[in-house]
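An overview of the molecular structure
What follows is each chain in one-letter form.
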Amino acid sequence: MIIALAIMTTTLVVSLLLGIRSRRSSGGEVTMEKWAVGGRSLGGVFVFLLMAGEIYTTTTFLGISGFVYGNGGAAFYTLAYVSIAYVASYWLLPAVWKYANERKLLSQADFFIHKYSSKSLGLVVTVIGLAGMVPFLILQLKGLGIIVSEASYGAIAPSTAIVVSAVVLTGYVSLSGLFAAAWTAIIKDVLIVIVVGFLGVYLPLKHFDSIPDMFKAVQAKAPDFMALHTDKMDSAWFISTVAVSALGFYMWPHLFAATFAARDPQVFRKNAVVFPIYQLFLLFVVFVGFTAYVVLPDLGKSEADLSLMRLAEESLSPLAIGFVGSAGLLAALVPGAMLLNTSGTLIANNIYKPIRGAKATDRQITLVARIAVPIVAIIALGLSLSDGQAIVSLLILAYSFVTQLAPGLFLSLLRKNPASKEGVCAGMIGGTALIGYMTVSGTSSSQIVPLLPPSLHSISSGVVALGFNVALVVLGTILSRIFHGRTDAAPHANPTDSPADSIVKAGSQ
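Every value quoted in this text rests on a predicted model; they were computed, and no experiment measured them. All residue numbers refer to positions counted from 1 along the written sequence of the respective chain. Totals for whole chains, interfaces and linings use every residue, but because this is a predicted model, local features are given only for residues with pLDDT of at least 70 and side-chain atom pairs only at 80 or more, for both listing and counting. Just so you know, side-chain values use all the structure's heavy atoms and leave hydrogens and water out.

A few words now on the overall build of the protein chain. In this description a helix means any DSSP run of H or I spanning at least four residues, a strand means any run of E spanning at least two, and both kinds are numbered starting from the N terminus. Within the protein chain, the regular secondary structure consists of 23 helices and zero strands. Counting only carbon and sulfur atoms, one obtains 68% of the accessible surface of the protein chain, whose full area is about 19,200 Å². With 32 positive and 24 negative side-chain charges, the protein chain shows a spacing of 13 Å between the two charge centroids. Here the Shrake-Rupley method, with its probe set to 1.4 Å, supplies the accessible areas, and only the displayed protein chains count as covering residues. Positive charges are assigned to Lys and Arg, negative charges to Asp and Glu, while His and the chain termini are left out of the count. Each charge is placed at NZ for Lys, CZ for Arg, CG for Asp and CD for Glu.

Here's what the structure looks like:
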């Protein structure tokens, strides 16, 4: 126990020091551009670690293995949607980068403001972005608490681990901004790939002699477990959840920040080639989940997220557990840093700055962003200590929120955008409101759309909300043109240089 705690404590201290030291990378006074998007100076390695490493969060460590333990083959949806999103990044991200770089944009909301010439739409995007990032941040803190508590063999309570880590996270993000996440990501990805690969191979070999024998043991225990075997998670759920998650993958505000931070668009095209291969390490976590299903039969569904750590404790020495816990710790800290950094940017740049107008200086905006970080952290901290949802459930909820930004984004990349700002705004508000209502009331998709055939009753609520979103975009666009007496589409900030041109060019390079 002591050695495991010592290794994790050392990892936490090194991460804190590295995050603080990364401030020197900004070179002089930290401006809002340096704090929010790293001065647009990050090379391929840093961008790769920030974006590809996004899949190696506490969801990887706990959520996927726990989801496998509780739901079997349904967990394969994670491999499907990430692969689709990575392929799309080859065309999508260079287009977004080109538009943002030419206009020196700092946030996702800035992108929509310029695309649709609407500050009101920017505010809506800001609110939706924050609504999606807070559950994602809660997910990281919840997972971190479980990892540290389990790796310390119960010596540290989950709540204590969450509070201490949140304080550390808040400190170095407030000081260093995006650079803090970028530098810490180097250690995190190296360690997590080693640990995940080791666990995914060693644990099945230890308990079953081989990975094929592990699958045979699962099949012997429950012949249909590796298939979509529940009514609520059937093929309709699988396809719709993959679709929502793939569409929403690059809608996260903090991934927009990572995109803006790149030096040039070639970074994204090169990374898109490697991304799908890197993602295959998720399979090792799936192997751990199936192993735990057989070896640890007494865990209930409420404890499914503990399956990886419980299996590791039973199979490994305290020294090894220390490194497993350290990898899990970093899997929460790096995405948590990006989420806090981006939340502070949105609050300062897209709420405070419009209110202050021309009176707001860059120094004041940067200060507000730093002050906003601990405020967001406190909110997420309070919710993480009280919320009881499973990790993957929180992730799917967060994806459902941010996916409501997808129609407005993809329409804006067309050479001639057919949607009006009023229509896009109505779609975002309506889709998000519907997700909120369904979540709070527990209403199912079949209750919202009673005409759905029985085979589609388990369809993701995100798809239902997205359909409502698109319908409102069409209706709002028609009504706005009738009301304003215009027939033109929503203009680009520079109609002669649409990012759609970048998409076309990307395919030919």
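Back to the text.
A pair is scored as a salt bridge if a Lys or Arg side-chain nitrogen falls within 4 Å of a carboxyl oxygen belonging to Asp or Glu. Counted according to the given criterion, the structure contains four salt bridges. In this structure, Glu-102 and Lys-98 form a salt bridge, with 3.0 Å as the shortest nitrogen-oxygen distance. On the criterion of helical spacing, the pair formed by Glu-102 and Lys-98 is a turn pair, its members being four residues apart in helix α5 (residues 77–103). Only protein chains enter the area calculation, which uses a 1.4 Å probe; residues under 20% of their type maximum are buried, those over 50% are exposed, and those in between are partly exposed. Given the relative accessible area of 22%, Lys-98 is considered partly exposed. Where Glu-102 meets Arg-103, a salt bridge forms, and the shortest distance between an N and an O atom there is 3.2 Å. The buried category is assigned to Arg-103, whose relative accessible area is 19%. Through salt bridges with shared partners, a single ionic network connects Lys-98, Glu-102 and Arg-103.

Only centres within 6.5 Å qualify two rings of Phe, Tyr or Trp (six-membered ring in Trp) as a pair; their planes then separate them into stacked at under 30 degrees, edge-to-face at over 60, and tilted for everything else. Under the defined criterion, the tally for this structure stands at 25 aromatic pairs. Centre to centre, the rings of Tyr-69 and Tyr-293 are 6.1 Å apart; their planes meet at 75°, and the pair counts as edge-to-face. Linking Tyr-69 in helix α4 (residues 58–71) with Tyr-293 in helix α14 (residues 282–295), this pair joins segments that are 224 residues apart in sequence. Comparing Tyr-69 with Tyr-293, the two get one shared label, buried. Clustering of aromatic rings is evident, with ring pairs tying together Tyr-69, Phe-76, Phe-215, Phe-225, Tyr-278, Phe-281, Phe-284, Phe-287, Phe-290 and Tyr-293. Criterion for a charge above a ring: Arg CZ or Lys NZ at most 6 Å from the ring centre, at most 35 degrees from the ring normal. The cationic tip of Lys-221 hangs over the ring face of Tyr-293; the distance from NZ or CZ to the ring centre is 4.2 Å.

We place a 1 Å grid over just the protein atoms. Points where a 1.4 Å probe fits but has no way out form a cavity, open points with protein on both sides within 12 Å along at least 5 of 7 lines form a pocket, and any residue with an atom within 4 Å of a point lines it. Grid points are joined across faces, edges and corners, and a volume is the space filled by probe spheres set on the points. Roughly 270 Å³ of volume is contained in the second largest pocket. If you go around the second largest pocket, you meet 13 residues; those closest to its centre are Asp-110, Ile-113, Asn-349, Asn-350 and Lys-353. For the lining of the second largest pocket, the secondary-structure elements that each account for two or more residues are α6 (108–116) and α16 (318–356). A total of four residues in the lining of the second largest pocket trace back to one element, the largest contributor, which is α16. The residue inventory of the lining of the second largest pocket, partitioned by class, reads four nonpolar, four polar and five charged. Residue classes follow a fixed rule: Ala, Val, Leu, Ile, Met, Phe, Trp, Tyr, Cys and Pro count as nonpolar, while Asp, Glu, Lys and Arg count as charged, and any other residue, Gly among them, counts as polar.

Here we come to the nonpolar core. Think of a nonpolar core as a cluster: buried Ala, Val, Leu, Ile, Met, Phe, Trp, Tyr and Cys residues, connected wherever their side-chain atoms sit within 4.5 Å. Counting residues in each nonpolar core, the largest one holds 161 residues, and the members touching the most others are Phe-61, Phe-249 and Tyr-250. In contact with Phe-249, not counting residues within four places along its chain, are Ile-55, Tyr-81, Val-82, Ala-85, Tyr-86, Leu-255 and Tyr-399. Among the nonpolar cores identified, the runner-up in size contains nine residues, and Leu-434, Ile-435, Leu-452 and Ile-459 belong to it. By definition in these notes, contact holds between two residues if any of their heavy atoms fall within 4.5 Å.

To continue, consider helix α15 (residues 307–315). Across the nine residues that make up α15, a large majority, seven, are buried. Against the buried residues of α15 lie α4, α7 (119–151), α9 (178–208), α14 and α16.

Its identity is not glycine, yet Ser-117 carries a phi of approximately 50°, on the positive side. Relative to the assigned elements, Ser-117 resides in the loop between α6 and α7. The class of Ser-117 is partly exposed, set by a relative accessible area of 48%. Even without glycine at this site, Tyr-153 takes up a positive phi of about 60°.

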